[in-house]
Amino acid sequence: MSRFEPPPGINLPRGRVTDALVAVIFVTAVLQLVTVIAAAVAGFGFMPFFVVAGQWQTDPLRVAVSPLVSQFLLSSVVMTLFNTILMLIVGRYVEKSIGPVGLIATFVAGAYGGALARLALTPHSFLMTADASAGLFALVGAYLTLYGVPYILPVPRHYGRFAQIGALAGFWIVLQVAFMLASGVFELSLTVVNPLGGLIAGMMVARPLLRLRYRKA
């Protein structure tokens, strides 16, 4: 068993910062079920078109923090439950490997990675980022980079780890597009581009954060 391979079974490692992050996301989402609170925070989310239109010149602070704020905005209760449950599992393993500071750094990198991907690929999108998908997928990217792709997932094993992650991401994109076509709503910016940007960001920072942690040990 490799050093960073998760142990068999369902026992999760401890992750106090992961638990705290999940709790904050969940509580802020519940608070936004109150219409007044939801209306008050809605204007602080990230929207690519606002940046292209020049909001970074008139309100640079809001633009700067909007990708991170967006991770705590409510899109739907179902999405919040999905994000927090998966984050609770993946985040604990990531926290075990790169520590609490590394976990937060990865989450933040994912938030901005998703925003940059949307800005680069869908700059005129009027849709606001309003969930923790980019931060979550950054943790997923870090997990896959550090631990490898679980054998239960259908990826070609004769390729290297990054190629396996790329194949897995490709399968996921095809699945997302299929769901969009079936539902009649074709929207790439939030559904595909945003989490994919987070995934790439998580993959990029995982090993440097791992080296940094053990260099200080």
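To keep things clear, this report deals only with the structure shown in the data block. Remember, it's a predicted structure, so these values are computed and weren't measured experimentally.

Calculation criteria
- Residues numbered from 1 in each chain as written.
- Predicted model: local features only at pLDDT ≥ 70, side-chain atom pairs only at ≥ 80, totals over all residues.
- Heavy atoms only, no water.
- Helix = DSSP H or I, 4+ residues; strand = E, 2+ residues; numbered from the N terminus.
- Rg over C-alpha atoms; globule rule 2.2 N^0.38 Å.
- Buried < 20%, exposed > 50% of the residue type's maximum accessible area, 1.4 Å probe, protein only.
- Contact = heavy atoms within 4.5 Å.
- Areas by Shrake-Rupley, 256 points an atom, 1.4 Å probe, with all protein chains shown as cover.
- Expected span 1.5 Å × (residues − 1).
- Phe/Tyr/Trp six-rings, centres within 6.5 Å; stacked < 30°, edge-to-face > 60°.
- 1 Å grid on protein atoms, 1.4 Å probe; cavity = no way out; pocket = protein on both sides within 12 Å on 5 of 7 lines; lining within 4 Å.
- Points joined across faces, edges and corners; volume = space filled by probe spheres on them.
- Nonpolar A, V, L, I, M, F, W, Y, C, P; charged D, E, K, R; others polar.
- Axes fitted to C-alpha atoms, helices over the stretch in contact; angles between N-to-C directions.
- Parallel < 35°, antiparallel > 145°, perpendicular 65-115°, else oblique.
- Left-handed = near helix turned anticlockwise from the far one by under 90°.
- Salt bridge = Lys/Arg side-chain N within 4 Å of Asp/Glu carboxyl O.

Assigned secondary structure in the protein consists of nine helices and zero strands. For the protein, the α and β elements follow one another from N to C terminus as α-α-α-α-α-α-α-α-α. Taken against the 2.2 N^0.38 rule, which gives 17 Å for 217 residues, the C-alpha radius of gyration of the protein at 17 Å falls within 12% of a compact globule. Taken along its principal axes, the extent of the C-alpha atoms in the protein is 50 × 35 × 30 Å. Of all 217 residues assigned to the protein, the portion counted as buried reaches 42%. Of the contacts made within the protein by residues no fewer than 6 positions apart, 78% connect residues no fewer than 24 positions apart. Accessible surface, the protein as shown: approximately 11,500 Å² in total, 73% of it carbon and sulfur.

Its 16 residues give helix H1 (residues 16–31) an end-to-end C-alpha distance of 22 Å, which sits within 8% of 22 Å, the value for a rise of 1.5 Å per residue. On the buried face of H1, the contacting elements are helix H6 (77–121).

Bringing the packing of aromatic side chains into the picture now. Counting across every chain of the model gives six aromatic pairs. Considering the side-chain rings of Tyr93 and Tyr143, the 5.9 Å spacing of their centres and the 65° angle between planes classify their relative orientation as edge-to-face. You can see Tyr93 sitting in helix H6 and its partner Tyr143 sitting in helix H7 (residues 133–147), a full 50 residues away along the chain. Overall, the relative accessible area of 6% leaves Tyr93 in the buried class. Owing to a relative accessible area of 13%, Tyr143 belongs among the buried residues under this scheme.

All chains considered together, the criterion is met by one cavity of 30 Å³ or more. For the largest cavity, the calculated volume is near 50 Å³. As for the largest cavity, its lining consists of Ile25, Thr28, Ala29, Gln71, Phe72, Leu73, Met79, Thr80, Asn83, Asp131 and Ala132. Taken together, the elements giving at least two residues each to the lining of the largest cavity come down to H1 and H6. Here the residues of the lining of the largest cavity are counted per class, giving six nonpolar, four polar and one charged.

What follows is about the packing of H1 against H6. Where H1 contacts H6, the axes come no closer than 7 Å and their chain directions differ by 140°. Classified by the angle between their axes, H1 and H6 sit oblique to one another. Once H1 is placed against H6, the crossing between them reads as right-handed. Contacts from Arg16, Val17, Thr18, Asp19, Leu21, Val22, Ile25, Phe26 and Ala29 of H1 reach H6 at Thr80, Leu81, Thr84, Met87, Leu88, Gly91, Arg92, Glu95, Pro100, Leu103, Ile104 and Phe107. A class-by-class count of the residues in the contact of H1 with H6 yields 13 nonpolar, four polar and four charged.

Positionally, Gly114 belongs in helix H6. Among the residues examined, Gly114 registers a relative accessible area of 0% and is labelled buried. Expressed as a C-alpha distance, the spacing of Gly114 and Gly135, which sit 21 residues apart in the sequence, is 8.1 Å. Ignoring any residue separated from it by four or fewer positions in sequence, one finds Gly114 in contact with Ala134, Asn194, Gly197 and Gly198.

Attention shifts here to the packing of H7 against helix H8 (residues 161–183). Running from N to C, H7 and H8 cross one another at 145°; their axes reach a closest spacing of 9 Å. Between H7 and H8 the crossing geometry is right-handed. Along its contact with H7, which presents Phe137, Leu144, Thr145, Leu146 and Tyr147, the element H8 presents Arg161, Phe162, Ile165, Leu168 and Trp172. When the residues that make up the contact of H7 with H8 are grouped by side-chain class, the tally is eight nonpolar, one polar and one charged.

This brings us to the pattern of salt bridges. Throughout the structure, instances matching the rule amount to two salt bridges. Arg92 serves as the salt-bridge partner of Asp19, at 3.1 Å between the closest nitrogen and oxygen. One end of the pair, Asp19, is in helix H1; the other, Arg92, is in helix H6, with 73 residues separating them in the sequence. The exposure class of Asp19 is partly exposed, given its relative accessible area of 29%. Looking at Arg92, the relative accessible area reads 18%, which means it is buried. In this structure, the salt-bridge partner of Arg62 is Asp59, at a minimum N-O distance of 3.4 Å. With relative accessibility at 28%, the residue Arg62 sits in the partly exposed group.

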